[in-house]
Amino acid sequence: DAARAPDRVRALARSVLVGLLKALKGDDAERATRLRVVALEAVAPWAPWLVVDSNLAPRTCRALCGLLCRVVEPAPEEADDERVAMVARETRLQRDAIEALRAVLAHTRDLRVDARGDETVEAHALRRCYAAFARDVAGKGASAQKARKAFASVALVQDALAGFYEDAGADAAYRTAFVAVRQLALKVRSALATRAPDDVAQVLSWKFLHCARLWARCVCGNAAPERLGELAFPLCQTLFGALELAAAPSKAPFRLHCVRCLHDVAAATECFVPTTKPLLATLDECSRGGGGGGDGRGGVDDGGDFGAELDCGDKRDASARASLGREALEQLLDFLELHRYAPALPELALVPLVALKKLAKEPRCPQKLRARAKAAAATLESAADA
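Each value, and the rule that gives it
Residues numbered from 1 in each chain as written. Predicted model: local features only at pLDDT ≥ 70, side-chain atom pairs only at ≥ 80, totals over all residues. Heavy atoms only, no water. Helix = DSSP H or I, 4+ residues; strand = E, 2+ residues; numbered from the N terminus. Buried < 20%, exposed > 50% of the residue type's maximum accessible area, 1.4 Å probe, protein only. Contact = heavy atoms within 4.5 Å. Areas by Shrake-Rupley, 256 points an atom, 1.4 Å probe, with all protein chains shown as cover. Expected span 1.5 Å × (residues − 1). Bend = angle between axes of the 7 residues up to and from the residue. pLDDT = per-residue confidence, 0-100. Salt bridge = Lys/Arg side-chain N within 4 Å of Asp/Glu carboxyl O.

Chemist: How should I be thinking about the overall build of the chain in this particular structure?
Modeler: A count of helices and strands for the chain gives 15 helices and zero strands. Here the chain holds 386 residues, and the buried ones make up 47% of them. For the chain, the share of sequence-separated contacts (at least 6 apart) that also reach a separation of at least 24 residues comes to 73%. Taken as a whole, the chain presents about 18,700 Å² of accessible surface, with 52% of it coming from carbon and sulfur.

Chemist: Mind showing me how you'd approach helix α14 (residues 345–360) here?
Modeler: Since the α-helix turns once every 3.6 residues, residues separated by three or four places project in the same direction. Along its 16 residues, α14 runs 22 Å from first to last C-alpha, staying within 8% of the 22 Å computed at 1.5 Å per residue. V351 marks where α14 bends most, by close to 30°; the proline P352 follows one to four residues later. Listed in full, the buried residues belonging to α14 are L345, A349, P352, L353, L356 and L359.

Chemist: Would you mind going over the confidence of the model for the chain with me for this structure?
Modeler: Caution applies to low-pLDDT parts of the model: their predicted coordinates are not meant to be read in detail. In the predicted model, the chain carries a mean pLDDT of 85, and the fraction of residues at 70 or more is 89%. Between the elements of the chain, mean pLDDT differs from a low of 81, seen in helix α2 (residues 30–46), to a high of 96, seen in helix α10 (residues 232–245). Scored below 50 in pLDDT, residues 290–300 shows 23 contacts in the model against residues more than four places distant or in partner chains.

Chemist: Would you explain the pattern of salt bridges in this entry?
Modeler: Any two side chains of opposite charge can pair, given that their charged atoms come close. On inspection of all chains with the given rule, the structure shows 18 salt bridges. One salt bridge in this structure joins D53 and R14, with 2.6 Å as the shortest N-O distance. Here R14 lies in helix α1 (residues 7–24) and D53 lies in the loop between α2 and α3 (56–68), a separation of 39 residues in the sequence. Residue classification places D53 among the buried positions, given a relative accessible area of 14%. A relative accessible area of 36% places R14 in the partly exposed class. With a shortest N-O distance of 2.4 Å, R217 and D159 are connected by a salt bridge. With R217 in helix α9 (residues 206–221) and D159 in helix α6 (residues 144–167), this residue pair connects regions lying 58 residues apart in the sequence. Relative accessible area serves as the criterion here: at 37%, R217 is assigned to the partly exposed category.

Chemist: Where do I start with unusual backbone geometry in this structure?
Modeler: Most peptide bonds adopt trans geometry, and most residues besides glycine take a negative phi value. Here the phi dihedral of R195 falls at roughly 55°; this positive angle occurs in a residue that is not glycine. Looking at the secondary structure, you find R195 in the loop between α7 (170–194) and α8 (197–203). For R195, a relative accessible area of 44% gives the class partly exposed. Here E270, not a glycine, exhibits a phi torsion of approximately 55°, which is positive. On the secondary structure map, E270 appears in the loop between α11 (252–269) and α12 (276–288). By relative accessible area, which is 75% here, E270 ends up exposed.

Right, here's the structure in full:
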């Protein structure tokens with residue numbers, strides 16, 4: 001038992017842990033990377049001894065958060081073996097940091113952080129991990145090219161944080177998640193109030209979307225009311241506010257990303273989330289051209305993927321409109337599946353059904369999209385009449 005160990009043993013353990021902490025916080029040189037690998041492997045066995053000093057646990061958590069919440073750009077196809085090995089080594093460091101942080105929290109989650117009053121080490125780690133994620137991972141996508149390079153790191157850190165929240169105590173998880181969701185809501189409220197270009201741009205960004213996706217995943221994984229279920233409503237309202245800011249036709253990809261998050265939350269919490277309005281707006285833009293061309297002839301390719309886009313910009317030709325319309329139709333059918341057995345389904349289906357039948361007859365709409373709209377209308381009508 002570390003807490004009952006003799007003073008000389010506790011002093012020795014503290015010296016070892018301070019040495020591990022220095023190795024974890026080394027610079028980016030190759031030698032420091034090798035030291036980190038060794039230090040990360042030693043964190044788990046020494047984690048029970050972090051109780052010998054109340055400052056060691058939070059400091060170790062912060063160091064591990066720094067190693068985890070980084071962007072490791074994937075090696076390009078033409079990269080040499082050295083670059084590929086470097087990417088693999090850095091990715092391994094991130095994964096080792098996840099396991100090390102999990103081991104630290106298993107032994108110190110209920111310890112109090114002296115500098116933060118009643119905050120526990122667990123709450124401290126969750127708060128610092130999210131702050132590092134928002135600043136150093138989600139916030140690295142200032143340009144479309146940089147955003148794509150960060151996708152792998154974003155996914156890895158989101159998986160890790162979602163896992164930490166599933167393992168965390170209810171109080172620590174709710175406190176930290178509430179503050180983070182509130183920050184997103186305030187950012188949206190400010191943009192809706194001012195409509196200033198800079199404020200709107202902060203919402204219609206990869207940083208905002210990555211953070212919203214993270215909290216959607218955390219709510220979905222902790223949907224019970226005594227966990228994070230009560231945050232489903234404010235998170236959905238925040239996303240609906242973001243959708244209001246994304247009214248321009250070029251922002252259709254951002255809208256579809258938000259609707260996907262809303263559907264995930266609705267499925268996990270078994271709540272009604274009205275997402276047909278932004279989906280029908282997207283379909284209407286696709287049928288009218290949304291400010292772009294498109295001859296509407298058959299043979300248009302609708303296999304485009306806007307999953308890595310927030311703004312389709314000038315790509316409003318028939319192919320782009322057909323691809324966006326296909327995605328909107330798929331999400332509209334997802335909405336149907338979510339509420340297939342709702343008593344109010346006939347009423348819920350009325351407006352989408354009228355819109356789909358109109359779209360199926362629109363001559364300016366790409367032929368493939370018209371055919372998909374006709375099939376979707378038949379599915380919707382059949383479900384409403386069942």
